[in-house]
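Inside the fold
Next come the chains, spelled out residue by residue.
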Amino acid sequence: MLKTKVTEMLGIKYPIFCGNMMNISYPSFAAACSNAGALGILASVMYRKPEPLREALHELQALTDKAYAVNVNLFPMLRPIRQIDLVKAMIEEGVKIIETSGHEAPDKYIPLFKKNDIIWIHKCAGVRYAKKAASLGADIVEVVGWENGGATGRYDIGTIVLTPATIDALEVPVVAGGGISDGRGVAAVLALGAQAALIGTRLLTTQECPIHDNLKKALINTSIYDTTIIMRSLNATHRVWDNDAAKLVLELENSKSDQMEIFNAAAGAKSKLMYEQGDLSAGIISVGQGIGLIHDIPSVKELIERIMKEANDIIQNLYNS
Ligand SMILES: Cc1cc2nc3c(=O)[nH]c(=O)nc-3n(C[C@H](O)[C@H](O)[C@H](O)COP(=O)(O)O)c2cc1C
């Protein structure tokens, strides 16, 4: 069993965080991740208001007695929400671990986290932001390298450099993600000094992932070259699957179209439609370069156990083979 500072702090079996994914990380998916021994993370942004979030938390709590976290989304939104109300509802519902991610500074939520003994995890894509979060009192910092699916930040630094650079700069435990699709990736970031691995893209092609089968089938046939970077012109850089919707967003950016038109082309509602109906051009989907290492659709439990077996074998046999 691989114990790390983070598995001990959070009471999780494996040093794996299952990345929070908008319109995917519903209670059943987060619970599948937690029940598999990893840290499942619920995406609170999908609920927008305290009452539906409370219901989702009740559902999650009924599905798992293992540790889970809830994400607070601080990215810019077409329709902003009152995050503070969601944070208060989480705390009232007994949430113990909260992850923040996004552009807005998390400052205003920190007194609530500290007063209520919340374990606060902050996710970012640069050493500068990691240092800031640690100085504000983050208990764990997650960093994601340039390979990752979703927000890539503005510095374009890959996981193999960003991870040790962040660890050198911080006193608190660091969790690393970006491009990790198997046990080799997990062993690699643990070797770099991370206390757990963050995995997003790999989980898209699992049985429990609530996206259409058409999309899962297409994704397992996608190569490491089939992602692209969009929304750099809006300072909201994202790595996504290079499908027709992503091409349209890039065209709009290149032709200096109106910002709202670009945001609309990349809107979460269109992605949701693609996840539900399986039309592969309907919207964008965040996908990391690790997609090219994925070839099957196991259950979350099978996947996590396979990854951990592989990571353990590598760690034990590194100098013997
Ligand atoms: C489909 C998808 C949706 C995501 N949505 C979010 C999100 O809403 N908020 C967030 O902080 N990160 C989001 N992420 C990023 C993941 O939580 C995680 O940081 C990332 O996937 C790790 O890198 P990897 O994809 O290379 O494994 C998303 C990733 C994917 C693949």
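Because the structure is predicted, anything quoted here is derived from the model rather than measured. (Residues numbered from 1 in each chain as written. Predicted model: local features only at pLDDT ≥ 70, side-chain atom pairs only at ≥ 80, totals over all residues. Heavy atoms only, no water.)

Neither face of strand β9 (residues 196-199) is exposed, since A196 and L198 on one face and A197 and I199 on the opposite face are all buried. Where strand β1 (residues 16-18) lies against β9, three bridges are found, and the strand directions are parallel. Counted as the bridge partner of C18 is I199 from β9. Bridge count for strand β8 (residues 174-177) against β9 is three bridges, and the pairing is parallel. Directly across from G177, in β9, lies its bridge partner L198. Each parallel crossover has a hand, and for β8 linked through helix α8 (residues 183-191) to β9 it is right-handed. (Buried < 20%, exposed > 50% of the residue type's maximum accessible area, 1.4 Å probe, protein only. Helix = DSSP H or I, 4+ residues; strand = E, 2+ residues; numbered from the N terminus. Pairing = 2+ DSSP bridges. Right-handed = clockwise from strand over helix to strand, strands pointing away.)

Here we take up unusual backbone geometry. Its identity is not glycine, yet N23 carries a phi of approximately 65 degrees, on the positive side. Relative to the elements of secondary structure, N23 occurs in the loop between β1 and α2 (27-35). Residue N23 is classed as buried on the basis of its relative accessible area, which comes to 9%. Here D117, not a glycine, exhibits a phi torsion of approximately 55 degrees, which is positive. Looking at the element boundaries, D117 is found in the loop between α5 (110-115) and β5 (119-124).

This next bit is on the sheet that holds strand β7 (residues 150-151). Adjacent strands of a sheet form backbone hydrogen bonds with each other and so pair up, either parallel or antiparallel. Spatially, the three strands line up as an open sheet ordered β7-β11-β10, and their pairing is antiparallel. Strands at the two margins of the open sheet, each flanked by one partner only, are β7 and β10 (227-230).

Direction vectors running N to C along helix α3 (residues 50-63) and helix α4 (residues 83-92) enclose 35 degrees, while the axes themselves pass 9 Å from each other. The two elements α3 and α4 cross, and the hand of that crossing is right-handed. Two secondary-structure elements touch here, α3 through P50, L53, R54 and L57 and α4 through D85, L86, A89, M90 and E92. Its residues assigned to classes, the contact of α3 with α4 shows six nonpolar, no polar and three charged. (Axes fitted to C-alpha atoms, helices over the stretch in contact; angles between N-to-C directions. Left-handed = near helix turned anticlockwise from the far one by under 90°. Contact = heavy atoms within 4.5 Å. Nonpolar A, V, L, I, M, F, W, Y, C, P; charged D, E, K, R; others polar.)

Here we take up the site of the ligand. In the region of the ligand, 19 residues are neighbours, and N20, S101, K123, G179 and T201 sit closest. A distance of 2.5 Å separates an oxygen atom of the ligand from a polar atom in the side chain of T201. Protein burial of the ligand: of its 610 Å² of free accessible surface, 94% is covered by the chains. Here the shell around the ligand is composed, by residue class, of eight nonpolar, ten polar and one charged. (Near = heavy atom within 4 Å. Polar contact = N/O pair within 3.5 Å; in protein donor to acceptor, adjacent residues only side chain to side chain. Areas by Shrake-Rupley, 256 points an atom, 1.4 Å probe, with all protein chains shown as cover.)

To continue, consider the domain arrangement of the chain. In terms of domains, the chain is made up of domain 1 (5-210 + 296-317) and domain 2 (213-289). Using C-alpha coordinates to define each centre, domain 1 is positioned 22 Å away from domain 2. Domain 1 puts 25 residues into the contact, and the matching count from domain 2 is 22 residues. Summed over both sides, the interface of domain 1 with domain 2 buries roughly 1,900 Å², with 60% coming from carbon and sulfur. Looking at the side of domain 1 facing domain 2, the largest losses of area belong to N23, L78 and L204, adding up to 25% of the total buried there. Here domain 1 and domain 2 share one salt bridge between them. (Domains from an automatic or database assignment. Buried area = accessible area lost by both parts, 1.4 Å probe. Salt bridge = Lys/Arg side-chain N within 4 Å of Asp/Glu carboxyl O.)

Moving on: the layout of surface pockets. Computed from the structure, the second largest pocket encloses a volume of approximately 160 Å³. Around the second largest pocket, the lining residues are E147, T159, I160, G178, G179, I180, G185, A188, V189 and L192. Per element, the largest residue contribution to the lining of the second largest pocket is three residues, and it comes from α8. Across the lining of the second largest pocket, the residue classes break down as five nonpolar, four polar and one charged. (1 Å grid on protein atoms, 1.4 Å probe; cavity = no way out; pocket = protein on both sides within 12 Å on 5 of 7 lines; lining within 4 Å. Points joined across faces, edges and corners; volume = space filled by probe spheres on them.)

A separate point is the pattern of salt bridges. Scanning all chains against the criterion turns up 16 salt bridges. Here D156 and R232 are joined by a salt bridge, their closest N and O atoms 2.9 Å apart. Placement of D156 in the loop between β7 and α7 (159-169) and of R232 in the loop between β10 and β11 (238-241) is noted, with a sequence separation of 76 residues between them. For D156, a relative accessible area of 31% gives the class partly exposed. Under the relative-accessibility criterion, R232 is labelled partly exposed at 39%. Linking K309 and D313 is a salt bridge whose minimum nitrogen-to-oxygen distance equals 2.7 Å. Note that K309 and D313 are positioned in helix α13 (residues 300-317) at a spacing of four residues, about one turn of the helix. On the accessibility criterion, D313 (32% relative accessible area) is partly exposed.

Attention shifts here to the environment of V189. Structurally, V189 can be placed in helix α8. Between the C-alpha atom of V189 and that of T159, which follows or precedes it by 30 residues, the distance is 8.2 Å. Excluding residues within four positions of it along the chain, V189 makes contact with T159, T163, A176, I180, A194, A196 and A197.

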